[in-house]
Amino acid sequence: MKILSKHFHVLLLLILTGFILLASCHLREENTEVSEDVQISESTASSEASETVNLSESSVQDFLLESALSNGMNNLQGFTVTLSSVTPQGCICTYSNQTSDTCTYGRSFDLYKYENEEWQHAEVIRNESVFSDALNLQPGDSVDKKHDFEYWYGELPPGRYLHLVSISRISARLEITTYYYGNEFTIQ
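These notes cover the structure that comes with them. Per chain, residue numbering runs from 1 following the sequence as it is written. Predicted model: local features are reported for residues with pLDDT of at least 70 only, side-chain atom pairs are reported and counted for 80 or more only, and whole-chain, interface and lining totals are derived from all residues. The side-chain values count all of the structure's non-hydrogen atoms but skip hydrogen atoms and water molecules.

**Some thoughts on the overall build of the chain**
Runs of E in the DSSP output that reach at least two residues are strands. Runs of H or I that reach at least four are helices, and both are numbered from the N terminus. Counting its secondary structure elements, the chain contains 3 helices and 10 strands. Ordered by position in the sequence, the α and β elements of the chain form the string α-β-α-β-β-β-β-β-β-β-α-β-β. Across the 188 residues in the chain, those meeting the buried criterion constitute 40%. By definition, residues are in contact when any of their heavy atoms lie within 4.5 Å. A separation of at least 24 residues holds for 77% of the contacts in the chain among residues at least 6 apart in sequence. Surface exposure here means Shrake-Rupley accessible area, sampled with a 1.4 Å probe, where a residue is shielded only by the protein chains that are shown. Surface summary for the chain: the accessible area is close to 11000 Å², and the carbon and sulfur share equals 49%. Exposure categories follow from relative accessible area, calculated using a 1.4 Å probe and restricted to protein chains: below 20% of the type maximum is buried, above 50% is exposed, and the middle band is partly exposed.

**Quick word on the nonpolar core**
Think of a nonpolar core as a cluster: buried Ala, Val, Leu, Ile, Met, Phe, Trp, Tyr and Cys residues, connected wherever their side-chain atoms sit within 4.5 Å. In terms of nonpolar packing, the biggest core is built from 25 residues, with F79, Y95, I167 and F185 touching the most fellow members. Residue assignment for this core shows that the elements contributing at least two residues are strand 2 (79-84), strand 3 (90-97), strand 4 (102-105), helix 3 (149-153), strand 9 (159-170) and strand 10 (176-187). A total of 4 residues in this core trace back to one element, the largest contributor, which is strand 10. Within the second largest apolar cluster, 10 residues are counted, among which are L65, A68, L69 and W119.

**Focus on the side chain of D101**
Position of D101 relative to the elements: it lies in the loop between strand 3 and strand 4. A polar contact is formed between the side chain of D101 and the side chain of R169, at a distance of 3.1 Å. We call two N or O atoms a polar contact when they sit within 3.5 Å, provided that within protein one can donate a hydrogen and the other can accept it, with sequence-adjacent residues counted only if both atoms are side-chain atoms.

**Observations concerning the packing of aromatic side chains**
Any pair of Phe, Tyr and Trp rings, taking the six-membered ring for Trp, is counted once the centres come within 6.5 Å. Such a pair is stacked with planes under 30 degrees apart, edge-to-face with planes over 60 apart, and tilted for the rest. Going through the model one piece at a time under the given rule, you end up with 8 aromatic pairs. Between the aromatic rings of Y114 and W119, the centroid separation amounts to 5.1 Å while the plane-to-plane angle is 70°, which identifies the pairing as edge-to-face. What makes Y114 partly exposed here is its relative accessible area of 31%. What makes W119 buried here is its relative accessible area of 11%. Chaining the aromatic ring pairs together yields one cluster made of F109, F149, Y153, Y161 and F185.

**A look at the environment of L162**
Positionally, L162 belongs in strand 9. C-alpha separation for the pair L162 and L65, spaced 97 residues apart in sequence, amounts to 9.8 Å. Filtering out sequence-adjacent residues up to four positions away, L162 remains in contact with L65, D110, L111, Y112, W119, G182, N183 and E184.

**Description of the pairing of strand 9**
Here, a strand pair is defined by DSSP locating no fewer than two bridges between the strands. Here strand 4 runs beside strand 9; their pairing, made up of 4 bridges, is antiparallel. Paired with T104 across the bridge in strand 9 is S168. Inspection of the sheet shows strand 5 (residues 110-115) paired to strand 9 by 4 bridges, in the antiparallel sense. Paired with L111 across the two strands is H163, which belongs to strand 9. When strand 9 meets strand 10, the two strands line up antiparallel, connected through 12 bridges. Considered in strand 10, the bridge of S166 is made with Y180. Here strand 9 folds back onto strand 10 in antiparallel fashion, the turn holding 5 residues, of which L174 has a positive phi close to 65°.

Okay, here's the thing in structure tokens:
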């Protein structure tokens with residue numbers, strides 16, 4: 001009975017992990033234009049992490065944000081994620097791996113808007129099935145990805161935003177560690 005219970009818990013954990021990955025990943029690539037109405041700054045926004053996790057569809061992104069805030073952001077030495085060409089319609093996200101390990105990233109991202117003195121997930125306007133991908137970024141490499149805000153969130157109104165992505169580092173011992181990268185920007 002103990003063995004069955006242990007396997008059941010492992011199975012539930014795997015299903016939960018799959019649900020979180022599927023619910024939080026959005027495939028977003030489109031062309032964007034540069035606008036002068038944007039200010040960019042890197043941030044390591046902080047907030048107290050919640051002790052309980054509600055797994056309703058609307059709170060999956062909140063869970064990801066709380067994980068990022070409680071585990072820290074932008075803290076893998078030698079790896080950077082920067083935004084450029086930011087407009088209310090989208091941005092260019094540059095991943096740069098100057099570590100000695102292979103890292104993986106995906107095309108998905110999440111957006112949060114700062115409202116009522118807290119980060120709230122930006123409202124998604126498309127309810128489509130998406131898939132999660134893991135693209136390798138070798139040591140010394142960098143890549144630019146276009147992130148289309150307008151397709152998933154609509155044209156962003158003025159405000160303060162947090163662009164959140166996750167990457168995974170695969171060590172020589174095949175240990176995988178997840179890191180969160182957040183960049184704040186302002187649409188004026």
